[in-house]
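Survey of secondary and tertiary structure
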Amino acid sequence: MGLILNLTNNLGEQVVRLTMSKLRMNVKATPIIGAALGALILSASAVGLGHAGDLPEGFAKGELAPAPPAEMIEAGKRVYFTKCVWCHGVDGAGDGPGADRLWPRPRNFNQGTFKIRHTASGELPLFNYNEKTPDSGKNDLLDTVTHGLPGSAMPPWEGILTEEQRLQVLSFVTTQLVKDRKFTDKQSETQTILQLGTIKPAEPTEESIKKGAQLIVDKKCIECHGVEGRGDGNAFNLKDDWGFSIQPADWHKCWNFRGSRQDPYNVRNIFRTFSTGVNGTPMPSFADSTSVEDRWSIANFVNSLCERDAEGKPLGIDPLTDKPKINFVVPSAPVEGEISNDPENEMWKKQGRRYVAMGGQITHKPRNFVNRIDDIWVKSLYNEKNVVYLIQWDDRTKSVAEGKLPWAPTQVNVENFGVKEQAPKTGEEGSIAAAQNNYAVYNDGIAFQFPIKWQEIPAPFKPRYLWGDAKFNADILKWEADGSLRSFKGTGWDQDFEERDDFEEKVKLLKSEWKNGQWTVMISRPLKGDKDDYDEYTRFDIGKYIPMVFFAWDGHNGDAGRKMAVSAFYYTILQPPIPQEVYIYPAIIAVGVVFLEGWMLTRRANKKKGKVL
Amino acid sequence: MKALMSVGALIGVLGLLMLIGMIFGVIPSNTVRLVEGYMPMQVLSELAVFVAGFTGLSYLANSMGIAFPRFWQGVLFWAFIQTYLKFRIYPPIPFSVRAMYGTVSFVAVFMWVSANEEDWKKFRQPILNVLDANTGFHKALRTMYLILLPLLIGGFSFLTMKPSVDEPIELRTVHPAPPASTKVHGKTYTLQTSQNPYRVNLEGKYDQAYSNKLIVEQGMGRLMAPNANPWDDKAEGYLKYVREGGEIFFQNCHFCHGDNLNGRGLHAFAFNPIPANFTDPGTIAQLQETFIFWRVSKGGIGLPNEGFPWASVMPPWEQHLTTDEIWKVILFEYWHTGYYPRTWD
């Protein structure tokens, strides 16, 4: 009885302390949200106290780790001021020189709020200066520094800092920069640890995945993460503890999961995040309300949504970038007759898709430091008249500008209309993170360019990736979410487009649809202009590599003009139907080899006979 | 001798097991990490270790009376080099380059097995056996070759003739020859004579020896020298400029060149050519500060054609930064990587 009372007391203290710290830091940001959160936590604490004593399934009580020795802290300071201070700031408040142009902002260490943990919701993460092996499940912060946080600017430090240096800098951060809490204070801190090492994962059977699909509806996961899990359920109203906009994870891009630990298709990472919640964000822990078995079902289902190849296998991940491996060729396959405008049609399903990586346009003003579209998927088919591109990409927000845009569709210099790049140093209030969801809304858009007269450009010359140049012009097709599909000629990054009305009659928008956080746009264009003339338009010749660049705009990110996402050079190629010679010649060669063998063996046999005789 | 060879054999077996483990994903592929910038030396020494290992193995087998035929030694060693090149090195080497290495190593193996008459006889004996010998085994082998060879050659030529959509290979010059001078913000800089105005000692004089003492230390981790913290309130002159350059770097450049200046920034994965890795000894460590000044100011679009100006997303930084800011960023890049800029003499 005494023991239970004691536990209850401890838990009570913990909840009160948590409430205090949350209130304190939220009052700093926005008093109203702070008060609301406080009330929420108070009501939650009542429920929590009712449960006192029994831990959520899969968790066990742990001991606080010992304090790191002073010399490690001192050594860590040197690491911190060489590598970390530039984003996390002198006081660890997440306000270094780089912070204002980043979203998510660098972590503010002061509150001791860390996202990726094995510990129960609200608790400090595991950190032990003595636990030197990454991925042991016993040292969350070491894992974070080792593997980085994909989808944010935090890189993996493995291979850059030694394990010793990583532990040193963490010793410094946890003792000197975490100010509101203390990792070694037994009075205020507890460790309730998810026993991930000993829990056996449930096999991702069809049954388990089906159950997970139902559970994400029952547990209301889809309210934020969206019906198809593309993170579009509540893209506008979610804020983190510091008052900045935050977006629910897109389950289709597991390589961007912050907690993916450079092992994105590993279901354990999802199980851990779901069990412990993400501190400082609206993502709660589901440990209290969900059995371990159900949690595995949900994790299996979420994992099954991550993009895979045609055979259902995980995509190859490039270890240098931790993103899917890129193939720079977008093949177009021949079909007979009409090309279907239904992506579910057999002819489209048969054709392989290509992952096209998108980065922010950071070359010319206005630069786009935060691009919310970081990849698109492209398929292509062609028939005797047209080539069709099917482009699909995840965009949490469908954006269509209200009313007419103040600039003409051909105008590319739109800085005077308020499309500006983020200033370098603004403080939190003016930062790019604070600007999220506060931009003027323009049209979502997608565009691609080919060289005009590429037949006459000697390889490897190309019109510049950013809308061509004066010497080599670009043939640009641009779709916008207002339903327009326009054909332009590009002559340079700062030169207004030339519109080509006569060609616009020939291009066709076969489909454009935004559904559950995904755009599907299908664009058809003729293989050539009139009379084989290719002075104006790109003429497609079968079997040739034609350079291609993609551009994407997210209207809710304030994207317009050059503020956009852009790809590298890709190549599109109309795959020729396989000619008959390809089957005939190898057969002839094989027969030839048989004759050659026969000749050689006979010759040797004769020679030997001659010797014997 | 025997003990030495046994050690060699042990190394050989361990190395082979490790390579096989990595290929099949049993052992994590980063167990023995290829360190950036040292990769060529590392690959060469690894191969040398393997050769030593194989020598030991073959010696040991010989002395135990289970000699391994010279023919198979040659064939397997060549196959081993191919496997090593294909699976060990990342990013993967294109097939055409591997074919080149394959030819070179084939010639090397051929020279080895034909070094003297006796060896050459030993080597070609199994081949002649397949052609002539009248034992049951060799007859079966002969029949197998008779059927397999046409099939293999036919199949291979089918695969090469089938139209494929491989990525075309284009070779780009990473550090093209610089111009004699460059004009930035209205001022002309002669590359051979210009100096970084912020690489100064406490008296304000250009002093590379002074700044060299304050840069980040070389070696794993590359940490700042003790008592040379640019973030120290009392930091003056060079160190203060380093901090200012770092601030500009982390407001502008890290998006591509990365928080550790290794070319792995937030947007880097999408771009081709990939952003330069300043920690690689082949980039800024090989170049003069004024070369960097020209490259930074004029960006990708200012490159000569062999640098593929149409594909590079490197901004012409004169559009975004003042010349002072550009010099400070360069100062920071050398400080953070711990490299000395090359001088003209």
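A quick note: this is a predicted structure, and the numbers were derived from the prediction, not measured. (Residues numbered from 1 in each chain as written. Chains lettered and ligands numbered in written order. Predicted model: local features only at pLDDT ≥ 70, side-chain atom pairs only at ≥ 80, totals over all residues. Heavy atoms only, no water.)

All right, on to the overall build of chain A then. Secondary structure assignment for chain A yields 13 helices and 18 strands. Here chain A holds 613 residues, and 55% of them are scored as buried. By sequence separation, contacts in chain A at least 24 residues apart represent 68% of the contacts at least 6 residues apart. (Helix = DSSP H or I, 4+ residues; strand = E, 2+ residues; numbered from the N terminus. Buried < 20%, exposed > 50% of the residue type's maximum accessible area, 1.4 Å probe, protein only. Contact = heavy atoms within 4.5 Å.)

The next subject is the overall build of chain B. Counting its regular elements, chain B contains 11 helices and 2 strands. Element order for chain B, N to C, with α for helix and β for strand: α-α-α-α-α-α-β-β-α-α-α-α-α. For chain B, the C-alpha radius of gyration of 28 Å lies well beyond 20 Å, the compact-globule estimate for 345 residues. Based on the C-alpha atoms only, the size of chain B along its principal axes is roughly 90 × 55 × 40 Å. A burial count over chain B gives 45% of its 345 residues as buried. Long-range contacts, defined here as pairs at least 24 residues apart, represent 61% of the contacts in chain B between residues at least 6 apart. Of the accessible surface of chain B, which amounts to about 18,200 Å², a share of 65% is contributed by carbon and sulfur atoms. A distance of 9 Å separates the average location of the 27 positive side-chain charges in chain B from that of its 26 negative side-chain charges. (Rg over C-alpha atoms; globule rule 2.2 N^0.38 Å. Areas by Shrake-Rupley, 256 points an atom, 1.4 Å probe, with all protein chains shown as cover. Lys, Arg positive; Asp, Glu negative; His and termini not counted. Charge placed at Lys NZ, Arg CZ, Asp CG, Glu CD.)

At the junction of the two partners, chain A supplies 84 residues and chain B supplies 74 residues. For the pair chain A and chain B, the two sides together bury roughly 6,800 Å², of which 67% comes from carbon and sulfur. Three residues, Arg78(A), Trp86(A) and Leu320(A), lead the burial of chain A against chain B; their summed loss comes to 11% of the area buried on that side. For the interface between chain A and chain B, the tally reads 3 salt bridges. Note that Glu217(B) is salt-bridged to Arg78(A), the shortest N-O span being 2.8 Å. Here chain A and chain B share 24 residue pairs in polar contact (both at pLDDT 80 or more) between them. Those elements that provide at least two residues to the side of chain A that touches chain B are α3 (70-88), β5 (329-334), β6 (354-357), β7 (359-360), β18 (570-574) and α13 (581-612) of chain A. Take the side of chain A that touches chain B: its biggest share by element is 14 residues, from α13(A). (Buried area = accessible area lost by both parts, 1.4 Å probe. Salt bridge = Lys/Arg side-chain N within 4 Å of Asp/Glu carboxyl O. Polar contact = N/O pair within 3.5 Å; in protein donor to acceptor, adjacent residues only side chain to side chain.)

Before going further, it helps to spend a moment on the confidence of the model for chain A. A low pLDDT score tells you not to read the predicted coordinates there in detail. Per-residue pLDDT for chain A has a mean of 89; in total, 90% of the residues score no lower than 70. The low-confidence segment residues 1-52 of chain A, where pLDDT is below 50, has 35 contacts with residues more than four positions distant or belonging to other chains. (pLDDT = per-residue confidence, 0-100.)

The next subject is the nonpolar core. Ranked by size, the top nonpolar core spans 173 residues in total, and within it Tyr80(A), Ile376(A), Tyr389(A), Phe550(A) and Trp335(B) carry the most contacts. Among the elements that make up this core, the one with the highest residue count is α3(A) (9 residues). Non-local contacts of Phe550(A), meaning those with residues more than four positions away in its chain, are made with Val330(A), Val356(A), Met358(A), Ile376(A), Val378(A), Ile391(A), Ala447(A), Phe448(A), Ala565(A), Val566(A), Ser567(A) and Tyr570(A). In terms of nonpolar packing, the next biggest core, distinct from the first, is built from 10 residues, Val43(B), Phe80(B), Ile89(B) and Ile93(B) among them. (Core = buried A, V, L, I, M, F, W, Y, C linked by side-chain atoms within 4.5 Å.)

All names here are of chain A. Of all the 10 residues making up helix α8 (residues 267-276), 8 are buried; the element is thus mostly covered by neighbouring parts of the structure. For α8, the secondary structure elements touched by its buried residues are β1 (59-62), β2 (191-194), α7 (221-225) and α9 (292-305). Between the side-chain oxygen at the start of α8 and the backbone nitrogen of Arg 268 there is a gap of 3.0 Å, and the oxygen is on Asn 266.

What follows covers the domain arrangement of chain B. One can read the domain layout of chain B as domain 1 (2-161) and domain 2 (181-337). Between the C-alpha centres of domain 1 of chain B and domain 2 of chain B there is a distance of 45 Å. (Domains from an automatic or database assignment.)

Residue and element names in this part refer to chain B. Tracing the backbone through its elements, the reader meets Val 329 in helix α11 (residues 323-337). Each C-alpha atom of the pair Val 329 and Gly 246 lies 6.4 Å from the other, and the pair is 83 residues apart in sequence. The residues touching Val 329, leaving out its near neighbours within four places in the chain, are Gly 245, Ile 248, Phe 249 and Cys 253.

With that settled, consider the state of the cysteines. Evaluated as defined, the whole model comprises 1 disulfide over all chains. For Cys87(A), which is in no disulfide, the shortest distance to another cysteine sulfur is to Cys84(A) and amounts to 9.2 Å. (Disulfide = S-S within 2.5 Å.)

Next up on the list: a negative patch on the surface. Taken together, the side chains of Glu456(A), Asp501(A), Asp502(A), Glu505(A), Asp535(A) and Glu536(A) present a region of like negative charge at the surface. Position of Asp501(A) relative to the elements: it lies in helix α12 (residues 501-504). (Patch = residues over 30% accessible without salt bridge, like charges linked within 9 Å, V, L, I, M, F, W, Y side chains within 5 Å.)

The next subject is the packing of helix α1 (residues 2-23) of chain B against helix α2 (residues 39-63) of chain B. All names here are of chain B. The interhelical angle for the contact between α1 and α2, taken along N-to-C directions, is 120 degrees, at an axis separation of 6 Å. As far as their axial angle goes, α2 and α1 are oblique. When you trace α1 past α2, the crossing you get is left-handed. In this structure, α1 uses Lys 2, Met 5, Ser 6, Gly 8, Ala 9, Ile 11, Gly 12, Val 13, Gly 15 and Leu 16 to contact α2, whose residues at the interface are Val 49, Phe 50, Ala 52, Gly 53, Phe 54, Thr 55, Gly 56, Leu 57, Tyr 59, Leu 60 and Ser 63. Here the contact of α1 with α2 is built from residues that sort into 12 nonpolar, 8 polar and 1 charged. (Axes fitted to C-alpha atoms, helices over the stretch in contact; angles between N-to-C directions. Parallel < 35°, antiparallel > 145°, perpendicular 65-115°, else oblique. Left-handed = near helix turned anticlockwise from the far one by under 90°. Nonpolar A, V, L, I, M, F, W, Y, C, P; charged D, E, K, R; others polar.)

Next up on the list: the side chain of Lys328(B). Residues and elements named next belong to chain B. Turning to its location among the elements, Lys 328 is positioned in helix α11. Of the polar contacts made by the side chain of Lys 328, one reaches the side chain of Glu 244; its length is 2.7 Å. The contact partners of Lys 328, leaving out residues within four places of it in the chain, are Tyr 198, Tyr 241, Glu 244, Gly 245 and Ile 248.

Quick look at the pairing of strand β9 (residues 386-394) of chain A now. Across a regular strand the side chains alternate sides, sitting on one face of the sheet and then on the other. All names here are of chain A. Across the 9 residues of β9, 7 count as buried, placing the element largely inside the fold. Judged from the 6 bridges that link them, strand β8 (residues 375-382) and β9 form a sheet pairing that is antiparallel. Considered in β9, the bridge of Leu 381 is made with Val 388. (Pairing = 2+ DSSP bridges.)

With that out of the way, let us pick up the side chain of Lys83(A). With respect to the helices, strands and loops of the structure, Lys83(A) is situated in helix α3. Ignoring anything within four residues of it in the chain, the contact list for Lys83(A) reads Trp157(A), Ile160(A), Leu161(A), Gly221(B), Arg222(B), Asn260(B) and His336(B).

All right, on to the packing of aromatic side chains then. Summed over the entire model, instances satisfying the criterion amount to 55 aromatic pairs over all chains. Ring geometry for Phe54(B) versus Phe80(B): centroids 5.0 Å apart, planes at 85 degrees, classification edge-to-face. Pair noted here: Phe54(B) is in helix α2 and Phe80(B) is in helix α3 (residues 70-88), with a separation of 26 residues, a long-range link. Across this residue pair, the class does not change: Phe54(B) and Phe80(B) are buried. What links up through ring pairs into an aromatic cluster is the set Phe328(A), Tyr389(A), Phe448(A), Phe450(A), Phe540(A), Phe550(A) and Tyr570(A). The side chain of Lys323(A) reaches across the aromatic face of Phe269(B), ending 4.7 Å from its centre. In this arrangement the basic side chain of Lys462(A) is found over the ring face of Phe569(A), its NZ or CZ atom lying 5.4 Å from the centre. (Phe/Tyr/Trp six-rings, centres within 6.5 Å; stacked < 30°, edge-to-face > 60°. Lys NZ or Arg CZ within 6 Å of the ring centre and 35° of its normal.)

Let us look at the pattern of salt bridges. Residue and element names in this part refer to chain A. Considering all chains together, one arrives at 34 salt bridges over all chains under this definition. The shortest N-O distance in the salt bridge between Arg 101 and Glu 421 comes to 3.7 Å. In this pair, Arg 101 is assigned in the loop between α3 and α4 (140-147) and Glu 421 in the loop between β9 and α11 (432-435), connecting sequence segments 320 residues apart. By relative accessible area, Arg 101 is classed as buried at 3%. Look at Glu 421 and you get buried, because its relative accessible area is 17%. Sharing partners across several salt bridges, the network here consists of Arg 101, Arg 367 and Glu 421.

Moving on, we come to the confidence of the model for chain B. Looking at chain B as a whole, the pLDDT averages 89, with 97% of positions reaching at least 70. Looking across chain B, the model is least confident in α1(B), with a mean pLDDT of 83, and most confident in helix α8 (residues 237-252) of chain B, with 97.

Residues and elements named next belong to chain B. Taking 1.5 Å per residue, 19 residues should reach 27 Å; helix α4 (residues 95-113) reaches 26 Å between its end C-alpha atoms and fits that length. Burial in α4 covers these residues: Arg 98, Gly 102, Ser 105, Val 109 and Val 113. For α4, the angular spread of the buried residues around the axis is 80 degrees, confining them to a single face. Projecting away from the buried face of α4 at angles above 90 degrees are the exposed residues Met 100, Val 104 and Met 111. Contacts made by the buried residues of α4 are with α3 and α5 (117-132). (Expected span 1.5 Å × (residues − 1). Arc of directions from axis to C-beta.)

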